[in-house]
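Listed below are the residues making up each chain.
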Amino acid sequence: MKEYPTLTEIQNDLREGGLTCVQLVNHYLERIESNAHLNVFVDVYSEEALLLASEVDTKIKNGTAGRLAGLVIGLKDVLAHKGHGVQAGSRILDTYKSPYTATAVQRLLDEDAIVIGRQNCDEFAMGSSNENSSFGPVLNAADPSKVPGGSSGGSAVAVQAGLCHVSLGSDTGGSVRQPAAFCGVIGVKPSYGRVSRWGLLAYASSFDCIGPITKSVEDAALILEIMAGGDDFDSTVSAKAVPAYTKKLEWSGKARIGYLRNSVENEAIAPEIREQTLDVLNRLRAQGHEVTPIAMPLLDYLLPTYYILTTAEASSNLSRFDGVRYGSRSVATGDLEALYKNTRTEGFGEEVRRRILLGTFVLSANYYDAYYTKAQRVRRLVREETERFFEQFDFLISPVTPTTAFTIGEKTDDPLQMYLADIFTVQANVVGNPAISIPNGVDRDGMPIGVQIMAPFFAEEKMLSFANHLSATLKEDILEV
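Residue indices begin from 1 for each chain and proceed along its sequence in written order. In keeping with the model being predicted, local features are shown solely for residues with a pLDDT of at least 70 and side-chain atom pairs are shown and tallied solely at 80 or more, while totals for entire chains, interfaces and linings include all residues. Side-chain measures were taken over the full set of non-hydrogen atoms in the model, leaving aside hydrogen atoms and water.

Caption draft 1: Summary view of the sheet that holds strand S1 (residues 41–44). Two strands are said to pair when DSSP picks up at least two bridges between them. Helical segments are the DSSP runs of H or I of at least four residues, strand segments are the runs of E of at least two, and each set is numbered from the N terminus. Within the open sheet, the eleven strands sit side by side as S1-S3-S2-S4-S6-S5-S10-S11-S9-S7-S8. Their pairing is mixed. Each edge of the sheet is formed by a strand with only one pairing partner; in this case those strands are S1 and strand S8 (290–294). Neighbour to neighbour, the strand axes of the sheet diverge by 30 degrees on average, direction disregarded. Pairing analysis gives six bridges linking strand S10 (residues 435–442) to strand S11 (residues 448–454), with the strands arranged antiparallel. Pairing of Ile-438 across the sheet is with Val-451, part of S11. Contacts between helix H3 (residues 46–62) and the sheet are confined to S1 and strand S3 (114–119), with S3 contributing the most and set at about 160 degrees to the helix. For helices, the fitted line uses only the C-alpha atoms of the stretch in contact; every axis is such a line through C-alpha atoms, and the angle between N-to-C directions lies from 0 to 180 degrees. Only heavy atoms matter for contacts: two residues are in contact if any of them lie within 4.5 Å across the pair.

This is the structure we're talking about:
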């Protein structure tokens, strides 16, 4: 079967009768089986997906199909889907089945998307390499000795390797954009509050965002357009009207672009990433856009602020997994205290335990003001600095990652080095702004490189339009080479 860069092309063939949804699902099921070594899916809904495909084929014939007819999608293992397992890559939720469906997922299903399965991820979305899953690591399809990024690594590889057309991931500090960059696909983190978090297993509630991983900006715009909007189940989601992103993907005019000088002049960044990011900026200048280097001094405090606040929220959020109400329960339980301790020790992996301990420490009475309160103040200051930046510029452009995908096991013994993989992505989550990663070529070893565009709060429409323009420019350059 031929490759389909966009859902539009799939739907054209479906309408013309040269393709059926059943054929499409069978194709992806064969691809999943032949790429089982990548360890992408933890559960594949073969029979259910084929049944849904047959129903959608009937709707297409009757002219009643939804906007996503023909879309085969995979879900990161942190998104609830009624009657299906959801484990967040953790042993602590073994055998658990969700009694409801996440709002974002339900809105896609209502438009006739077909869910083909759930995808491997770092445990409770905590990780930058997808090595922290109880199901084992996911492998990068470009080089199986390399990590795919995380925590949505399985979701990114699924699109990269053609195991489904689109994936739905979650982004807490770059967990959609960073693996998208490592795998050469597109990843979108919307503004905080643009998409309902109802049905998303929480890591850090004030940071988490659901976002699509796709092959094209066009598809990302469509998925976001359908998922976004108010939800009675989530008090943090905005009821603000959702623009028709897909209708406004043509960019016109000149943009005012800022880039962080130390993001491309830093010696810690891989030379090829630095060179290709500078090349993008030079091409934008040549097109007549205003491109200006800037400094944002508070960004040096981003990673510490991010990890203090997210671990604190994780400590609180994960307290519900105690072996009492749902999920697995330790058999070594002499009393209630032993039940809690043993269940959580056996059920949580090393990285999750580390972050719970860090979060509990910064929330403790003796250190609350020294760490948590101070980090909240810095977060506010960073947000104010970012808002001042967007009074002068339309976009902030940077690399997505300081290196390309690293070797499996290379950083597992050094958590601080692993955390540095998020250095360019955490700002969007700390301040709540939207950001997108698009492919920007490969390094000399053939490993993908990404470039990131961040936009003002709730400016997804403008960001997607410009990203579509830049993505087309970069594709033209690759074809010319």
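Caption draft 2: Structural view of a nonpolar patch on the surface. Residues Val-324, Leu-336 and Tyr-340 make up a contiguous nonpolar surface patch of roughly 250 Å² in combined accessible area. Secondary-structure assignment places Val-324 in the loop between helix H10 (302–317) and helix H11 (336–347). Classification of residues uses two cut-offs on accessible area relative to the type maximum, computed with a 1.4 Å probe and protein chains only: under 20% is buried, over 50% is exposed, and between them is partly exposed. Take Val-324: its relative accessible area is 37%, and that puts it in the partly exposed class. Residues form patches when they are more than 30% accessible in relative terms and have no salt bridge. Like charges link within 9 Å. Nonpolar side chains (Val, Leu, Ile, Met, Phe, Trp, Tyr) link within 5 Å. For accessible areas, the Shrake-Rupley method is used with a probe of radius 1.4 Å. Any residue's cover is judged against the shown protein chains and nothing else. Any carboxyl oxygen of Asp or Glu within 4 Å of a side-chain nitrogen of Lys or Arg constitutes a salt bridge here.

Caption draft 3: Spotlight on the pairing of strand S9 (residues 395–399). The buried fraction of S9 is high, at five of five residues. With three bridges connecting them, strand S7 (residues 256–260) and S9 associate as parallel partners. When the bridges of S9 are listed, Tyr-259 appears paired with Ile-397. Pairing of S9 with S11, which is carried by four bridges, proceeds in the antiparallel orientation. Looking at S11, one finds that Ser-398 is bridged to Gln-452.

Caption draft 4: Up close: the environment of Arg-256. Structurally, the position occupied by Arg-256 is in strand S7. Owing to a relative accessible area of 30%, Arg-256 belongs among the partly exposed residues under this scheme. Separated by 139 residues in the primary sequence, Arg-256 and Phe-395 place their C-alpha atoms 6.7 Å from one another. Not counting residues up to four positions away in its chain, the partners in contact with Arg-256 are Glu-290, Glu-391, Gln-392, Phe-393, Asp-394 and Phe-395. Definition of a polar contact: a pair of N or O atoms within 3.5 Å, with one able to donate and the other able to accept a hydrogen when the atoms are protein atoms, and with sequence-neighbouring residues admitted only if both atoms are side-chain atoms. There is a polar contact of 2.8 Å between the side chain of Arg-256 and the backbone oxygen of Gln-392.

Caption draft 5: Looking closely at the packing of H10 against helix H12 (residues 350–363). Running from N to C, H10 and H12 cross one another at 100 degrees; their axes reach a closest spacing of 7 Å. Between H10 and H12, the crossing angle belongs to the class labelled roughly perpendicular. When H10 is examined against H12, the residues Tyr-307, Ile-308, Thr-311, Ala-312 and Ser-315 are found in contact with a partner set consisting of Arg-355, Ile-356, Leu-358, Gly-359, Thr-360, Val-362 and Leu-363. Residue type decides the class: Asp, Glu, Lys and Arg count as charged, Ala, Val, Leu, Ile, Met, Phe, Trp, Tyr, Cys and Pro as nonpolar, and the leftover types, Gly among them, as polar. Taken together, the residues of the contact of H10 with H12 sort by class into seven nonpolar, four polar and one charged. Should an angle lie under 35 degrees it is considered roughly parallel, over 145 roughly antiparallel, and from 65 to 115 roughly perpendicular; all remaining angles are considered oblique.

Caption draft 6: Spotlight on the environment of Ser-90. Following the sequence through the fold, Ser-90 ends up in the loop between strand S2 (72–76) and helix H4 (103–110). In this structure Ser-90 comes out as buried when scored by relative accessible area, which is 0%. Along the chain, Ser-90 and Ala-338 lie 248 residues apart, while their C-alpha atoms are 20 Å from each other. Beyond its immediate sequence surroundings of up to four residues, Ser-90 is in contact with Glu-123, Phe-124, Ser-134, Gly-347 and Phe-348.

Caption draft 7: Geometry of the side chain of Ser-315. Its location among the elements puts Ser-315 in helix H10. We classify Ser-315 as buried; its relative accessible area is 12%. Here Ser-315 is in contact with Ile-356, Gly-359 and Thr-360, once residues within four sequence places are set aside.

Caption draft 8: Structural view of the nonpolar core. Throughout this description, the term nonpolar core refers to a set of buried Ala, Val, Leu, Ile, Met, Phe, Trp, Tyr and Cys residues connected via side-chain atoms within 4.5 Å. The biggest cluster of nonpolar side chains holds 133 residues, and the ones touching the most others in it are Phe-124, Leu-168, Ile-436, Ile-438 and Ile-453. Judged by nonpolar contacts, the second largest core, of six residues, contains Ala-405, Phe-406, Met-418 and Met-447.

Caption draft 9: Structural context of H11. To estimate the expected span of a helix, subtract one from its residue number and multiply by 1.5 Å. Along its twelve residues, H11 runs 16 Å from first to last C-alpha, staying within 8% of the 16 Å computed at 1.5 Å per residue. Within the sequence span of H11, burial applies to Ala-338, Leu-339, Thr-343, Arg-344 and Gly-347. For H11, the secondary structure elements touched by its buried residues are H12. Residue Asp-335 occupies the N-cap position of H11, its side-chain oxygen lying 3.2 Å from the main-chain nitrogen of Glu-337.

Caption draft 10: Local environment of H3. The terminal C-alpha atoms of H3 lie 25 Å apart, and with 17 residues this matches the ideal 24 Å at 1.5 Å per residue to within 8%. Inspection of H3 places Ala-49, Ala-53, Val-56 and Asp-57 among the buried residues, and these make up the whole buried set. Take H3 and look down its axis: the buried residues cluster within an arc of 110 degrees, on one side only. Exposed residues on H3 whose side chains face more than 90 degrees from its buried face are Glu-47, Leu-51, Lys-61 and Asn-62. Where the residues of H3 are buried, they touch helix H2 (21–34) and S3. Positive backbone phi, approximately 75 degrees, marks Gly-63, located one or two places after H3. Think of it as the arc spanned by the lines of direction from the helix axis to the C-beta atoms.

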